[in-house]
Amino acid sequence: MVDLAEKEMDNPTFRSDTVLSDVHLHCPSKRHLMVRLNAVGQPVFLSYFKLLWSTEDLASGKHVREITTGREHQGRSEDELCDKDRSNVKKEGELSSEEVEALLDDDGDLEVVRRPRSASDLQAEDLLRDIVCPVILMKGKEDAPEDEERECACSDVVKIEHTMATPLEDVGKQVWRAAFLLADYILFKRDTFRCCSVLELGGGTGITSIIMGTVAKRVYCTDVGEDLLAMCEQNVALNKRLMESGGGEIKVKELDWLKDEFCTDPEAPYSWSEEEIADLLDHCSVIMAADVFYDDDLTDALFRTLYRVTHNLRNSCTVYLALEKRLNFTLRHMDVTCEAYSHFRNTLNDLENLQDGKMKYTVEPVKLDFCQFLVYERIEQL
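Residues numbered from 1 in each chain as written. Predicted model: local features only at pLDDT ≥ 70, side-chain atom pairs only at ≥ 80, totals over all residues. Heavy atoms only, no water.

Chemist: So what exactly am I meant to see when it comes to the pairing of strand β7 (residues 218-223) here?
Modeler: Each regular strand carries side chains that alternate between the two faces of the sheet. With six of its six residues buried, β7 lies for the most part within the structure. Both faces of β7 are covered, namely the face carrying R218, Y220 and T222 and the face carrying V219, C221 and D223. As judged from the five bridges shared by strand β6 (residues 197-201) and β7, these two strands associate in the parallel manner. Bridged to L201 within β7 is T222. (Buried < 20%, exposed > 50% of the residue type's maximum accessible area, 1.4 Å probe, protein only. Helix = DSSP H or I, 4+ residues; strand = E, 2+ residues; numbered from the N terminus. Pairing = 2+ DSSP bridges.)

Chemist: Help me understand the environment of L298 in this model?
Modeler: Here L298 lies in helix α13 (residues 296-312). The class of L298 is partly exposed, set by a relative accessible area of 25%. Sequence separation between L298 and L258 is 40 residues; the distance between their C-alpha atoms is 8.1 Å.

Chemist: Where do I start with the sheet that holds strand β4 (residues 157-162) in this structure?
Modeler: Hydrogen bonding along the main chain pairs the strands of a sheet, whether they run parallel or antiparallel. Taken together, three strands build an open sheet; the order of strands is β2-β3-β4 and the sheet is antiparallel. Looking at the sheet topology across the chains shown, the edges are occupied by β2 (33-37) and β4. Neighbour-to-neighbour, the strand axes of this sheet turn through a mean angle of 25°, independent of strand direction. Across six bridges, the pairing between strand β3 (residues 43-50) and β4 is antiparallel. Looking across to β4, one finds that F49 is bridged to V158. The strands touched by helix α10 (residues 226-238) are β2, β3 and β4; relative to β4, the strand with the most contacts, the crossing angle is about 160°. (Axes fitted to C-alpha atoms, helices over the stretch in contact; angles between N-to-C directions. Contact = heavy atoms within 4.5 Å.)

The structure is reproduced here in structure tokens:
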């Protein structure tokens, strides 16, 4: 198994429909653990995404901790410097001719003595942009390095199994920036979502539902495809400890946007029971979706599903949509375009302007000035 994966990673083959997420290049993991091959032979990696605050801080309502860098006296006003500090500053600013001569090399060039990099500098740089490459390290848990095992036990680490590159139809098995953006918003507005009943459309690896599960009462994480849903269910199990303090529950279910009804076949995996459908329709107050707008037909199908579900809810709800505006050069336009994003905006406008006497939708943008709690590149296209 490992030999096959090693061969694939050493000699990657990218077809015209291969899609690669770059989130793993900027996550705080020092390395990625290849844990298995999935049902279709794709290498599955386990990555550790560290929260910039702990779950204990989440429960107590503390703010995100700051990362401080700079000089030793940074942050202290001039009035706070003691007399000894002032005298040292004065001495440092006054160099004698002998001291100046000592700073010159044999050719008379000035040798600049650079300030040593502090531990805080290194830590901040490591957190902000730690570019890593996938390395196959293990086949099973028994081969995990000791430092990774300790990291797994931390309460502020989210463990996610995912793939690195897939065909377009399997992009849900990768991790995408908009999922982190929505997770950040959930953590920032955690009081808003506390004890809610939530539906996620296109949950993928489940990372956003897992974050929501730390504050919400119940989360229905939905997608389509038995292989993907099994991966999502595995990720929920890997992060069960994060939801224990809040008592949240995550249920992984199938929800196909191309079908008009919930899957209720008891023989089908990840199907819905009548009780679960009733619970969703009676109590759901939040619907969310992240990075699911990349295909026009699927975008249309999602909005039809969104209308059908909200039409049958007992109470009004708020829908949170996060996406990345992807720029592509097309031969048809001979220019850089955002066709998938444009279609999403047009469909969203149609939903807002819908007048059927039954439903009323109001669309409001969310400012992206909230704190960042996960390490990823929050680019302007999000």
